[in-house]
Amino acid sequence: WAISKTKKINYHEEFGKYYILYIRRQEHLYFQKEWTRKIISIVLNNAPYNLNCLFSIHFLNKDFLPTNLSINKQKKLITVEKMPYVNFMKLMSQAEFIATDGCTNQEEAYYMGLPLLALRNRTERVEGLGENVVISKGDKHIIKDFLKNYKKYKRKPVNFKERPSKIIVDYLFKF
């Protein structure tokens, strides 16, 4: 999906209200397949019924999502192909929340104030912990609680007075 500087992308027009499910960690896809299927099933079966699920297809998971998942309350499961970074950030910014086993987007979610459910035991990042980011630790009760109460993790986006790149460039010009 190409992005245009003049055209605003409104993913709600295309997908309705949604959340993003992104599974990509190799250890989950190759070595913990049953655990990963269980976690995906818990998310899909307990996510709010009024939200569509956008399952982000990654080259590691494109054949992973089983067709026989039982989805009790899920309105619709939509697969979306990998997209350019800027488009994915726009997709994230319009989502209700993101559930992922890779915390690469944890930092962006923190700056956006977007609730993020980390489907893993720990994260290397500190952004958002105790605020908008919840680490599931594979515990179905933590996952279900987040899905039921995800709105309480919504925060105002972080507002910067100066862009980090400007601070760095100004610093470099001094020397």
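See the structure printed just above.
Parameters and conventions
Residues numbered from 1 in each chain as written. Predicted model: local features only at pLDDT ≥ 70, side-chain atom pairs only at ≥ 80, totals over all residues. Heavy atoms only, no water. Helix = DSSP H or I, 4+ residues; strand = E, 2+ residues; numbered from the N terminus. Buried < 20%, exposed > 50% of the residue type's maximum accessible area, 1.4 Å probe, protein only. Contact = heavy atoms within 4.5 Å. Areas by Shrake-Rupley, 256 points an atom, 1.4 Å probe, with all protein chains shown as cover. Pairing = 2+ DSSP bridges. Axes fitted to C-alpha atoms, helices over the stretch in contact; angles between N-to-C directions. Parallel < 35°, antiparallel > 145°, perpendicular 65-115°, else oblique. Left-handed = near helix turned anticlockwise from the far one by under 90°. Nonpolar A, V, L, I, M, F, W, Y, C, P; charged D, E, K, R; others polar. Core = buried A, V, L, I, M, F, W, Y, C linked by side-chain atoms within 4.5 Å.

Describing the overall build of the chain
Here is step 1 of the chain: Of regular secondary structure, the chain possesses seven helices and six strands.
Here is step 2 of the chain: Reading the helices (α) and strands (β) of the chain from amino to carboxyl end gives α-β-α-α-β-β-α-β-α-β-β-α-α.
Here is step 3 of the chain: Out of the 175 residues belonging to the chain, those deemed buried represent 46%.
Here is step 4 of the chain: Across the chain, contacts joining residues at least 24 apart in sequence account for 59% of those joining residues at least 6 apart.
Here is step 5 of the chain: Just so you have it, the chain exposes about 10700 Å², and 52% of that area is on carbon and sulfur atoms.

Quick look at unusual backbone geometry
Here is step 1 of the chain: One non-glycine residue, Lys137, lies in positive phi territory at about 55°.
Here is step 2 of the chain: One can find Lys137 in the loop between β6 (133-135) and α6 (140-148).
Here is step 3 of the chain: Among the residues examined, Lys137 registers a relative accessible area of 55% and is labelled exposed.

A look at the sheet that holds strand β1 (residues 18-22)
Here is step 1 of the chain: Strand order in the open sheet made by the six strands is β3-β2-β1-β4-β5-β6, with parallel pairing throughout. Of all strands in the sheet, those bounded by a partner on one side alone are β3 (77-80) and β6. Neighbour to neighbour, the strand axes of the sheet diverge by 20° on average, direction disregarded.
Here is step 2 of the chain: Inspection of the sheet shows β1 paired to strand β4 (residues 98-100) by three bridges, in the parallel sense. Along β4, the bridge assignment pairs Tyr22 with Thr100.
Here is step 3 of the chain: Along the sheet, helix α3 (residues 33-46) contacts β1, β2 (52-56), β3 and β4; its crossing angle with β1, the most-contacted strand, is approximately 175°.

Focus: the packing of α3 against α6
Here is step 1 of the chain: Interaxial distance between α3 and α6 falls to 10 Å at its minimum, and their mutual angle equals 30°. Judged by the inter-axis angle, α3 sits roughly parallel to α6. Both α3 and α6 take part in a crossing whose hand is right-handed. Between α3 and α6, the residues in contact are Ile39, Ile42, Val43 and Asn46 and Lys140, Ile143, Lys144 and Leu147, respectively.
Here is step 2 of the chain: Classifying every residue of the contact of α3 with α6 gives five nonpolar, one polar and two charged.

A closer look at the pairing of β3
On any regular strand, side chains alternate: one points to one face of the sheet, the next to the other face.
Here is step 1 of the chain: On β3, burial follows the alternation: Ile78 and Val80 on one face are buried, whereas Leu77 and Thr79 on the facing-out side are not.
Here is step 2 of the chain: As paired strands, β2 and β3 are joined by four bridges and run parallel to one another. Across the sheet, Leu54 pairs through a bridge with Ile78, a residue of β3.

Quick look at the nonpolar core
Here is step 1 of the chain: In this structure, Tyr19, Leu21, Phe97, Leu119, Ile143 and Phe146 are the most contacted members of the largest nonpolar core, which totals 25 residues.
Here is step 2 of the chain: Contributing elements (two or more residues each) for this core: β1, α3, β2 and α6.
Here is step 3 of the chain: Broken down by element, the residue count for this core peaks at five residues, all from α3.
Here is step 4 of the chain: Core analysis: the second largest hydrophobic core is formed by 23 residues, Ile9, Val80, Ile98 and Val133 among them.

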